[in-house]
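Understanding the architecture of this molecule
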Amino acid sequence: MARNLRAKIPASDTLIIHDRNKEATASFMHEVGIARDSPTSNNQMGLMGIEIASSPRAVAQKAEVIVTVLPEPSHVKNVFHNILNPPLPPLTSSSGASERLFIDCSTIDPTSSREVANAVHCTAQGRFVDAPMSGGVVGARAGTLTFMLGASSRSGGLVKRVTPILALMGSKVLHLGEQGAGLSGKLANNYLLAISNIATAEAMNLGLRWGLDPHVLGELINGSSGRCWSSEINNPVRGISPGAPAEEDYEGGFGVELMKKDLRLAMEEAMRVGAKVEMGERAGDVYEDVEASEKGKDFSVVYRWLGGKMV
């Protein structure tokens, strides 16, 4: 996502980044063409249009638009507490923007997101929207993510301001409603994804154990009524989906622990509104067991946990 931003924002703009994982930062700098052993002063990075900040607050102090992506609700709350306290200095922007824009792309519960939004708005330190995304690592790299936007339509121009920014990192931006609605949409989507991923793994394993050719089976499913993202883009069997984590021993994708977390949040929200969800509890048990033996792997590794036939 950061690479696509740097490639598409004006050359005169600076991309300011922070990640507590220094290896991730070094990997990104290497990917955009700055060698790991290059000088890392702000002046050197500024020449490349990239600056490494020491903290999320350091990013917010300098940036007009701040994009956050974090794993858990507690992480989002903690980061924004540190950003907002003490109050940020007034925004000095050459673009004419009068207030900072905070875009949180984390997948958390809508209630926590609204609490953070309220903290931003009540302290008059900017505007806050939720914009979780779907498309996985493959979509992030290709710039084809789908963003689910929760933003007040009553705040004049807010949706219009956010949409082109998200479009730099994705191919589709859907405004689902007021603040928090983007997360409701994301949790509904990931509830379905959690289940379809297991079903895809089971179906592929069935077919291979019945002696079917995996490539022909994959083509059959993806040309028939069983087709889904898990079968077409993120197939758990090697050789079916180019670029999928299955090609790299299930490395580099959407971690099974993150899928377990998203499913848990969806189940909690389902209970809150009294929605009946029959498949979620069993799927949660599956991901709990998969994480115990395959932590850190892409969630499609459920295929291996099932004893799926390898090719």
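Please read these numbers as outputs of a predicted model, since none were measured by experiment.

Some points on the overall build of the protein
The number of helices and strands found in the protein is 14 helices and eight strands. A globule of 311 residues ought to have a C-alpha radius of gyration of about 19 Å, and the protein, at 21 Å, matches this closely. Overall, the protein is about 65 × 50 × 35 Å in size when its C-alpha atoms are taken along their principal axes. Looking at the protein as a whole, 46% of its 311 residues are labelled buried. In the protein, the proportion of contacts linking residues at least 24 apart, taken out of those at least 6 apart, comes to 69%. Total accessible area computed for the protein in this model is approximately 15,500 Å², and 54% of it derives from carbon and sulfur atoms.

Here we look at the UniProt feature "active site" (unreviewed entry) in the protein
Per the UniProt record, "active site" (unreviewed entry) is found at K186. Only 2.8 Å separates the side chain of K186 from the side chain of T107, close enough to count as a polar contact.

Comments concerning the packing of helix α5 (residues 73-84) against helix α6 (residues 110-122)
Packing of α5 against α6 brings their axes to within 10 Å, and their N-to-C directions diverge by 5°. Considering their axes alone, α5 and α6 lie roughly parallel with respect to each other. Across the interface between the two elements, P73, V76, K77, F80 and L84 of α5 pack against S112, E115, V116, A119 and V120 of α6. For the contact of α5 with α6, the residue count by class is seven nonpolar, one polar and two charged.

Topic: the environment of K186
Structurally, K186 can be placed in helix α9 (residues 181-209). A residue is classified by how much of its surface remains accessible, and K186, at 5% relative accessible area, is buried. In contact with K186, other than residues within four places in its own chain, are T107, P132, M133 and M148.

Description of helix α12 (residues 256-273)
Spanning 18 residues, α12 covers 26 Å between terminal C-alpha atoms, matching the ideal 26 Å at 1.5 Å per step. Along α12, the residues classified as buried are V256, M259, K261, D262, L263, L265, A266, M267, E269 and A270. Elements in contact with the buried residues of α12: α5, α6, α9 and α13 (280-294). Looking one or two places after α12, you find G274, whose phi comes out positive at around 75°.

Conventions used here
Residues numbered from 1 in each chain as written. Predicted model: local features only at pLDDT ≥ 70, side-chain atom pairs only at ≥ 80, totals over all residues. Heavy atoms only, no water. Helix = DSSP H or I, 4+ residues; strand = E, 2+ residues; numbered from the N terminus. Rg over C-alpha atoms; globule rule 2.2 N^0.38 Å. Buried < 20%, exposed > 50% of the residue type's maximum accessible area, 1.4 Å probe, protein only. Contact = heavy atoms within 4.5 Å. Areas by Shrake-Rupley, 256 points an atom, 1.4 Å probe, with all protein chains shown as cover. UniProt positions renumbered as here; feature names shortened; annotations may be inferred. Polar contact = N/O pair within 3.5 Å; in protein donor to acceptor, adjacent residues only side chain to side chain. Axes fitted to C-alpha atoms, helices over the stretch in contact; angles between N-to-C directions. Parallel < 35°, antiparallel > 145°, perpendicular 65-115°, else oblique. Nonpolar A, V, L, I, M, F, W, Y, C, P; charged D, E, K, R; others polar. Expected span 1.5 Å × (residues − 1).

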